[in-house]
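If you want the building blocks of each chain, they are given just below.
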Amino acid sequence: MESSSTSQPEFDYLFKLLLIGDSGVGKSTLLLSFTSDTFEDLSPTIGVDFKVKHVTLGGKKLKLAIWDTAGQERFRTLTSSYYRGAQGIIMVYDVTRRDTFTNLADVWAKEIDLYSTNQDCIKMLVGNKVDKESERVVSKKEGIDFAREYGCLYIECSAKTRVNVEQCFEELVLKILDTPSLLAEGSSGVKKNIFKQNPPQNGASASSCCSCDDVPANIFFSCFCFAFVVIVFKKVVRKFCYVSFYPNNNLTDPFAASCSFSPPGGDAEAEALPPSQPADAPQLLPSIFEPPPQQPPQSDVMISSRNPDALFSGGGISFLTGSRTGKFSYGYSSFKGKRASMEDFYETRISEVDGQMVAFFGVFDGHGGSRTAEYLKNNLFKNLSTHPEFIKDTKTAIFEAFKQTDEDYLDEEKGQQRDAGSTASTAVLLGDRLLVANVGDSRVVACIAGSAVPLSTDHKPDRSDERQRIEEAGGFIIWAGTWRVGGVLAVSRAFGDKLLKPYVVAEPEIQEEEIGGVDFIIIASDGLWNVISNKDAVALVQDVTDAEAAARKLINEAYERGSSDNITCVVVRFDSS
């Protein structure tokens, strides 16, 4: 990975995209499918989540910051502010639920008009869950009619089967690239942080080379009149085109009224898809009247699939339980680094358990393969949240859920030739409590009153209490470059590692803190802690208020300091102001 500098940014344009729609329509699964090429049946988003994906499109390196908003009405006051500055908005509905389609006009289109600050913002309508065709209640024609009326691009997709998932984001981004005003905003985004939700300040723009005071009054007035006429004409033409561009075509035919969008260099060109276009091609509506000159075919138009060498990051914001002013934000970042394969996994999940909001954060560092770490990501927090005593006796629930997850994994691994394992460092937010549970040598460090305070202790074989436990169980440790259990494993506690049971256990050490005294926490794999001390890590990001930016900064710093391992980091910041 090349470290970025001020003179050479890691991307050409930075675009903010927003996913909106009713709860349960699949916004989160759609985003997950796009950013990680995986499908997971997720619980409804609580608050706001976002993920970052770096792509190359039309020959440009792009950073997409994609915000996933909660669909429930109780979160509207939080999510409304995230319309600000978005260059693209995706309205998602479920083709098997009529109410989610009806609410597009009753709720979501009105919210865009009310909260969007960008008159040129590109809107896309997405009908999700087409894999359930037998349960469909909203026809494709209804979707097309709505898109025409409200001036949207249109596509149907399935987050589960990944049909048209990449095309959804690709066509939206291409249209943004084809809109000069949005392109200018994306370019300025390279120099500023669009994640901060502060409204633009009045006065001269920082990107302007002169102010209006330097322009003669008659010239300024003429320019103003010309701009006004252009804006009015543009709106009239757009409205006419969406309603009447294909008056005689059968719009239920995916080839009848589609258009393809050219890379930057002119307005979008409306044309029929070529016969070679696949049958599930996106249904897109034209947005202008006059086609531009033909553009040469682009060889790199498709957004590439997941690149294992890329640095992935994202995050979100939510409320603390029982508070509408106290909130927390979180960010994560993960990088393969210098290792040949990626064995780290992470999880950030916010759920309701017995009527209480609970946030789960975890970093899982695999060894001997990625199977164990991936299993923990998919099952550990699920097992914990379904434990019957989770709310009443949380510490006991954590201890028992860790052990049960390990036993379940070992049962599934019977017959496997390779012996894989994983560490786990986790944090649970429940009410005003922060509970940290650790197995292995990943680590959780808090910033409390400006100081670095470890909330977990690494499980190393040469720890006196760990060595005693191992030897009392009939095991041994020896020096083999470092102290290892049985001369094999450099950690004394881990999930999996069936050949080293019962010496290597998955029993967590648990520590509890009051959230009120904690500024932020860092959860990271040893790829970070091997080269950055607790004190340095806290000092590096103490003044970085954006949690995702903090996580990325720590990973970049660890890599620059020579970390030879996978590096994964989660940062959680608390704001009770």
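Residues numbered from 1 in each chain as written. Predicted model: local features only at pLDDT ≥ 70, side-chain atom pairs only at ≥ 80, totals over all residues. Heavy atoms only, no water.

- Within an unreviewed UniProt entry, the label attached to the protein chain reads protein-serine/threonine phosphatase, and the organism entered is Herrania umbratica.
- In its Subcellular location (unreviewed entry) section, the UniProt entry covering the protein chain states "Cell membrane".
- UniProt, in its Function (unreviewed entry) section for the protein chain, records the words "Intracellular vesicle trafficking and protein transport." (UniProt positions renumbered as here; feature names shortened; annotations may be inferred.)

A word on helix α10 (residues 464-472)
Thinking step 1. Of the residues making up α10, those classed as buried are Glu466, Arg469 and Ile470. Buried residues in α10, looked at end-on, bunch into an arc of 95°, giving them a common side. In α10, the exposed positions that point more than 90 degrees away from the buried face belong to Ser464 and Glu472.
Thinking step 2. For α10, the elements touching its buried residues are β16 (477-479) and β17 (483-485).
Thinking step 3. Immediately beyond the C-terminal end of α10, within one or two residues, lies Gly474, with a positive phi of roughly 100°. (Buried < 20%, exposed > 50% of the residue type's maximum accessible area, 1.4 Å probe, protein only. Helix = DSSP H or I, 4+ residues; strand = E, 2+ residues; numbered from the N terminus. Arc of directions from axis to C-beta. Contact = heavy atoms within 4.5 Å.)

Some remarks on the pattern of salt bridges
Thinking step 1. What the rule picks out here adds up to 27 salt bridges.
Thinking step 2. Where Glu466 meets Arg469, a salt bridge forms, and the shortest distance between an N and an O atom there is 3.0 Å. You can see Glu466 and its partner Arg469 sitting in helix α10, three residues apart, about one turn around the helix. Accessibility classification places Glu466 together with Arg469 in one group, the buried group.
Thinking step 3. A salt bridge links Glu548 to Arg552, with the shortest nitrogen-to-oxygen separation between them at 4.0 Å. Taken together, the residues Glu548 and Arg552, both in helix α13 (residues 547-560) and four residues apart, mark about one turn of the helix. Each member of the pair, Glu548 together with Arg552, is buried.
Thinking step 4. Within the structure, one salt-bridge network assembled from shared partners comprises Glu133, Arg136 and Glu156. (Salt bridge = Lys/Arg side-chain N within 4 Å of Asp/Glu carboxyl O.)

Let's talk about the pairing of strand β1 (residues 13-20)
Thinking step 1. The buried fraction of β1 is high, at eight of eight residues.
Thinking step 2. On β1, burial covers both faces: Tyr13, Phe15, Leu17 and Leu19 on one face and Leu14, Lys16, Leu18 and Ile20 on the other are all buried.
Thinking step 3. Here β1 runs beside strand β3 (residues 60-69); their pairing, made up of seven bridges, is parallel. Its bridge partner lying in β3, Lys16 is registered against Ala65.
Thinking step 4. Sheet analysis places β1 next to strand β4 (residues 88-94), joined by four bridges and oriented parallel. (Pairing = 2+ DSSP bridges.)

Some thoughts on the packing of aromatic side chains
Thinking step 1. Applying the stated criterion to the full structure yields 16 aromatic pairs.
Thinking step 2. Between Phe146 and Tyr150 the ring centres are 4.4 Å apart and the planes differ by 25°, which places this aromatic pair in the stacked class. With a gap of four residues between them, Phe146 and Tyr150 both fall in helix α4 (residues 140-150), about one helical turn apart.
Thinking step 3. On the numbers, 6.2 Å between centres and 90° between planes, the contact of Phe328 with Phe361 is edge-to-face. Taken together, the residues span a long stretch of sequence, with Phe328 in strand β8 (residues 327-335) and Phe361 in strand β10 (residues 356-367) at a distance of 33 residues. Just as Phe328 is buried, Phe361 falls in that class too.
Thinking step 4. Sitting over the ring of Phe34, Lys53 keeps its end group 4.6 Å from the ring centre.
Thinking step 5. For the cation-ring pair, Lys377 lies above Tyr346, with the distance from its terminal atom to the ring centre recorded as 5.7 Å. (Phe/Tyr/Trp six-rings, centres within 6.5 Å; stacked < 30°, edge-to-face > 60°. Lys NZ or Arg CZ within 6 Å of the ring centre and 35° of its normal.)

Some thoughts on the environment of Met124
Thinking step 1. The topology assignment puts Met124 in strand β5 (residues 122-128).
Thinking step 2. Exposure remark for Met124: the relative accessible area of 0% places this residue in the buried category.
Thinking step 3. Sequence-wise, Met124 and Ala147 are 23 residues apart; in three dimensions their C-alpha atoms are separated by 7.9 Å.

A look at the environment of Gly24
Thinking step 1. With respect to the helices and strands, Gly24 occurs in the loop between β1 and α1 (27-36).
Thinking step 2. For Gly24, a relative accessible area of 39% gives the class partly exposed.
Thinking step 3. Spatially, the C-alpha atoms of Gly24 and Arg97 are 9.9 Å apart, while their sequence positions differ by 73 residues.
Thinking step 4. Setting aside residues no more than four positions away along its own chain, Gly24 makes contact with Asp94, Arg97 and Lys129.

Points about the side chain of Lys377
Thinking step 1. With respect to the secondary-structure elements, Lys377 resides in helix α8 (residues 371-385).
Thinking step 2. On the basis of relative accessibility, which here comes to 17%, the residue Lys377 falls in the buried class.
Thinking step 3. In terms of polar contacts, Lys377 uses its side chain to reach the backbone carbonyl oxygen of Tyr346, at 3.1 Å.
Thinking step 4. One polar contact links Lys377 to Glu347, side chain to side chain, over a distance of 3.1 Å.
Thinking step 5. In this structure Lys377 touches Phe345, Tyr346, Glu347, Arg349 and Phe364, once residues within four positions along its chain are discounted. (Polar contact = N/O pair within 3.5 Å; in protein donor to acceptor, adjacent residues only side chain to side chain.)

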